[in-house]
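Residue strings, one per chain:
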Amino acid sequence: MSDWNAVRQTMRDFALSLPETHEDFPWGDRVIKVNKKVFLFLGIDEPTEKWNPSFGVKLQSEAHGHALTVEGAEPSGYGLGKAGWVTVPFQSALPDVELLLDWVEESYRAIAPKRAIKLLNSQAQGEADQ
């Protein structure tokens, strides 16, 4: 397994650990959804001649600007970039995995319904109390 694949798997596992999430495969791409809405695009499983491994997240804070500093990163296509979506290539020099997981959580919080965010906050509070 290459490093990018390990990072991708870590992001997938983390995203699926968030409340009310599930995996789906629209258009043949792997995505993670909450409340029937995508919050993490993971693309197809293996690179092809036309596809390089990348992920997409919706970022609103300074994380948006930071994500765009990754070599090859760009606002997502199909008009999603106007709404804060960023596509980041896995095979670039990426920030630490912890930061990537923060981006996944920020994207989740931007998409998730309030009840799911409350569940996430209560889980985080429970962990902090231990």
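How each quantity is defined
Residues numbered from 1 in each chain as written. Predicted model: local features only at pLDDT ≥ 70, side-chain atom pairs only at ≥ 80, totals over all residues. Heavy atoms only, no water. 1 Å grid on protein atoms, 1.4 Å probe; cavity = no way out; pocket = protein on both sides within 12 Å on 5 of 7 lines; lining within 4 Å. Points joined across faces, edges and corners; volume = space filled by probe spheres on them. Nonpolar A, V, L, I, M, F, W, Y, C, P; charged D, E, K, R; others polar. Helix = DSSP H or I, 4+ residues; strand = E, 2+ residues; numbered from the N terminus. Contact = heavy atoms within 4.5 Å. Salt bridge = Lys/Arg side-chain N within 4 Å of Asp/Glu carboxyl O. Buried < 20%, exposed > 50% of the residue type's maximum accessible area, 1.4 Å probe, protein only. Phe/Tyr/Trp six-rings, centres within 6.5 Å; stacked < 30°, edge-to-face > 60°. Axes fitted to C-alpha atoms, helices over the stretch in contact; angles between N-to-C directions. Parallel < 35°, antiparallel > 145°, perpendicular 65-115°, else oblique. Left-handed = near helix turned anticlockwise from the far one by under 90°.

1. Concerning the layout of surface pockets
Over the atoms a probe the size of a water molecule is rolled, and this reveals where empty space is left. By volume, the largest pocket is sized at about 460 Å³. What lines the largest pocket is a set of 17 residues, and nearest its centre among them are Asp29, Phe41, Tyr78, Leu80 and Thr87. Among the residues making up the lining of the largest pocket, the classes are represented as nine nonpolar, six polar and two charged. If you add up the space inside the second largest pocket, you get close to 160 Å³.

2. Structural notes on the environment of Leu40
For Leu40, the location among the structural elements is in strand 3 (residues 37-43). In sequence terms Leu40 and Lys114 are 74 residues apart; their C-alpha atoms lie 18 Å from each other. Setting aside its immediate chain neighbours within four residues, Leu40 contacts Met11, Ala15, Arg30, Val31, Ile32, Phe55, Gly56, Val57, Trp85 and Val104.

3. Topic: the pattern of salt bridges
Evaluated as defined, the whole model comprises eight salt bridges. One salt bridge in this structure joins Glu20 and Arg115, with 3.2 Å as the shortest N-O distance. Highlighted residues: Glu20 in the loop between helix 1 (3-17) and strand 1 (21-24) and Arg115 in helix 4 (residues 114-129), separated in sequence by 95 residues. Owing to a relative accessible area of 34%, Glu20 belongs among the partly exposed residues under this scheme. According to the relative accessible area criterion, Arg115 is partly exposed, its value standing at 47%. Residue Arg30 pairs with Glu23 through a salt bridge whose shortest N-O separation is 2.6 Å. The partly exposed category is assigned to Glu23, whose relative accessible area is 24%. Each member of the salt-bridge network shares a partner with another, and the members are Arg8, Arg12, Asp13, Glu23, Arg30 and Asp45.

4. Remarks on the packing of aromatic side chains
This model, assessed by the stated rule, comprises five aromatic pairs. For the pair Trp4 and Phe90, a centre-to-centre distance of 5.9 Å together with 35° between the ring planes defines the contact as tilted. Here Phe90 lies in the loop between strand 6 (85-89) and helix 3 (97-111) and Trp4 lies in helix 1, a separation of 86 residues in the sequence. The same class applies to Trp4 and to Phe90, which are both buried. A centroid spacing of 6.4 Å and a plane angle of 25° characterise the contact between Trp27 and Phe41, whose relative ring orientation is stacked.

5. Structural notes on the packing of helix 1 against helix 3
The contact between helix 1 and helix 3 brings their axes to 10 Å, and the two run at 40°. The orientation of helix 1 with respect to helix 3, classified from their angle, is oblique. Between helix 1 and helix 3 lies a crossing whose hand is right-handed. Contacts from Val7, Thr10, Met11, Phe14 and Ala15 of helix 1 reach helix 3 at Val97, Leu100, Leu101, Val104 and Glu105. For the contact of helix 1 with helix 3, a count of residues per class yields eight nonpolar, one polar and one charged.

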